[in-house]
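Structure at a glance
Single-letter residue listing:
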Amino acid sequence: MTVPTTQEIAVRVEGMSKYYGTFHALRDINLTVARGEKIVVCGPSGSGKSTMIRCINRLEEHNAGSIMVLGTELNDDVGNIDEIRREVGMVFQHFNLFPHMTVLENCVLAPMLVRKMPRAEAEATARRYLEKVRIPEQASKYPGQLSGGQQQRVAIARSLCMQPQIMLFDEPTSALDPEMISEVLDVMVTLASEGMTMICVTHEMGFARRVADRVIFMDAGEIVEEAPPEIFFTSAKSERTQLFLSQVLGH
Amino acid sequence: MFKLLRNQKVRNALLQALYVGALGALVIAGTLIARQNLAAQGITSGFDFLFKSTGWDLGFSLLPASANDPYWWYFIIGILNTLFLGSFGLALATLVGMIVGLAQTSANDLAKLLGRTYVDVFRNIPLILQVFFWYALITHLPPPRSAHEGWGMLLTSRGLYLPAPNVGGLALLAASLAVVAAIVLPIWLGRTSLLSRPLGQRFSVQLAAVAAALVCAVLFLFAGRLPDSPLLDLPSLQGLNLRGGLRIPPEFSALVVAIAIYGGSYIGEIVRGGFKAVGKGQVEAASSLGLTPWQVFTLVRLPLALRAMLPILANQYVWLMKATTMGIAVGFTDFFMITALTINHSGQTLEAIGILMAGFLAINLSLAALFNRINKAIALKGNQLRG
């Protein structure tokens, strides 16, 4: 793998640690993600994978080490945090749509308030992205009136409306019924093929095989293994990775 | 026959019939006994007394009243006084509760402690004690001669004297209605489908409505101005007495303060609960989109918390409305006190209590109905998944 230049680096995490009280949740995380790269993070529950990506847009505060996002250092500077959040979209396990706003309002809210986009332009953008996630007809409905898969696609569209440069996915299909998982994954595959920088925490190994440039395996707050999918799934070095894979792919 | 009795529907119908029959018998028996006892004591029952003049004066009244007025007029005054006291008490209690609730949910430890202490202290002292405390405090203020002065107001043991506009009663009423319109219009405009378009446009329409209503209020005040007098009538000391201005009697102030502070502690807990009920996920989503903390608060946390609070808040309002009956403890002529005086003077106990109960039922059922409407109007659509 070639070493990316500063210009091409989307996220650089160096020696990052995170504690919850005395619990050491993340230990010495080092990770560099180039622009356009697709990373899949997997690992057993409680391994710190969600915590790690939540640190990248400061939903969690890291206690040691450094995080650079698109050349901006993530620290206590509120301006830096705002700048990074504008450029980093996030999709959550439980969708987290605003239940008191219609789908369209969910999508135009941030572009209008944060990007100061005029209403008409924000609505046009929103409709374009709703088209892209294949639910343009639901624009005037409320989140509670949609299925889980539809809600998650709205959540993806809402993030995309901010036209972010990086997308974080935190177990986007874990709360979905089996038949809805593929509709969400399809959208994510399309997004990947268009060159979006993506960091996905997911257990969808099929998605990882198909889309990921690198798969990262975490356990007990550490990055245990990091490899391209063809190597990761066939010849993982660590025993812990092999055990995890045998459990996930076993049946 | 026995087979019929084993039929579920027949059984239910039979039980219902028995229940209604027993209830009817009870009411009839009660009425007959009451009538017999009243006749034995020489009291004529009925509502004829409502049209007799009362023969006693009122301490506080929003409408003109004299001892020659009939009882029904006094009841109306009583209901108005209760509503007047209630609306001030409820509004201030909500304000206090908002502050206390937000302090408790804030990240600041000192604010949290203050909010917690407030709730613990004022929620655990009986309301009547608090009414007495504030009444004692206010009536121990200095006499008119050495009144506290500031911003044209006078604070004395006889009450709070405020500058009053020199405006006719009708104009004052019109102006107050315009102010109410300034509050109601934007809410109504926000709900109508006619204007359910772009957030930004809707906001400017609402703003225009508020401005128009407030301009109307000012115009009414100027139009109804009494000729040859300054716009404001300032209270001043003349001899041993105070002249001019608007007097807020100590009974009223004590009750409003007590209801606001006591109710505020309960509403504070409701507000805290409402904010606790907002999913962490929605707040995280809003922050991750780059919204500022203020935007997250006004557009996500507050609207969702309000929906969680409303049903319990309605309950609390109904409760506080009933707490206005504390008026009798300090001599404020609310609905309850007027009923009590009526009973003393006319002896029509059952009728007067019947009117009191019907009146409170009407007030509180209207309040509950209003809140149910609001609740339904802003309810979240569809199934809610708790993240």
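How each quantity is defined
Residues numbered from 1 in each chain as written. Chains lettered and ligands numbered in written order. Predicted model: local features only at pLDDT ≥ 70, side-chain atom pairs only at ≥ 80, totals over all residues. Heavy atoms only, no water. Pairing = 2+ DSSP bridges. Helix = DSSP H or I, 4+ residues; strand = E, 2+ residues; numbered from the N terminus. Axes fitted to C-alpha atoms, helices over the stretch in contact; angles between N-to-C directions. Patch = residues over 30% accessible without salt bridge, like charges linked within 9 Å, V, L, I, M, F, W, Y side chains within 5 Å. Areas by Shrake-Rupley, 256 points an atom, 1.4 Å probe, with all protein chains shown as cover. Salt bridge = Lys/Arg side-chain N within 4 Å of Asp/Glu carboxyl O. Contact = heavy atoms within 4.5 Å. Buried area = accessible area lost by both parts, 1.4 Å probe. Polar contact = N/O pair within 3.5 Å; in protein donor to acceptor, adjacent residues only side chain to side chain. UniProt positions renumbered as here; feature names shortened; annotations may be inferred.

Turning to the sheet that holds strand 1 (residues 148-150) of chain B, a few remarks are in order. All names here are of chain B. The strand order across the open sheet formed by 4 strands is 1-2-3-8, and the pairing between neighbours is antiparallel. Of all strands in the sheet, those with a lone pairing partner are strand 1 and strand 8 (246-248), marking the two edges. Each strand axis lies, on average, 15 degrees off the axis of its neighbour in the sheet, ignoring direction. Here 3 bridges tie strand 3 (residues 159-162) to strand 8, and the two strands are oriented antiparallel to one another. Its bridge partner lying in strand 8, Leu160 is registered against Ile248.

Let us look at the pairing of strand 2 (residues 23-34) of chain A. Residue and element names in this part refer to chain A. Across 8 bridges, strand 1 (residues 9-20) lies against strand 2 in antiparallel orientation. Looking at the pairing, Val13 lines up with Leu31 of strand 2. The loop that links strand 1 with its antiparallel partner strand 2 comprises 2 residues; one of these, Gly21, has a positive phi angle of about 65 degrees.

Bringing a nonpolar patch on the surface into the picture now. A surface patch of nonpolar side chains, about 600 Å² in accessible area, is lined by Phe51, Leu62, Leu63, Trp72, Ile76, Leu80 and Leu83 of chain B. With respect to the helices and strands, the residue Ile76 of chain B is situated in helix 3 (residues 71-105).

A few words on the sheet that holds strand 4 (residues 64-69) of chain A. Residues and elements named next belong to chain A. In space, the 4 strands of this open sheet follow the order 2-1-4-5, with antiparallel pairing throughout. A single partner strand is all that each edge strand has here, and the edge strands are strand 2 and strand 5 (72-73). Bridge analysis of strand 1 against strand 4 gives 5 bridges, and the strand direction is antiparallel. Paired with Arg12 across the strands is Met68, a residue of strand 4. Strand contacts of helix 1 (residues 49-56): strand 1, strand 2 and strand 4, with the helix running at about 120 degrees to strand 1, the strand carrying the most contacts.

Counting residues at the interface gives 27 residues for chain B, matched by 27 residues for chain A. When chain B packs against chain A, the two sides together hide about 2400 Å² of surface, and 65% of this comes from carbon and sulfur. Taken as a group, Ser288, Leu289 and Lys381 of chain B account for 26% of the area that chain B buries against chain A, more than any other trio of residues on that side. For the pair chain B and chain A, the number of links is 1 salt bridge. Two residues, Arg54 of chain A and Glu284 of chain B, come together in a salt bridge whose shortest N-O distance is 2.5 Å. Between chain B and chain A we count 5 residue pairs in polar contact (both at pLDDT 80 or more) in total.

The UniProt entry lists residues 12-34, 71-100, 121-138, 170-191, 203-223, 252-271, 317-340 and 352-371 of chain B under the feature "transmembrane region" (unreviewed entry), expressed in the numbering used here. Between the C-alpha atoms that bound residues 203-223 of chain B the distance is 30 Å, and the span itself is 100% helix and 0% strand.

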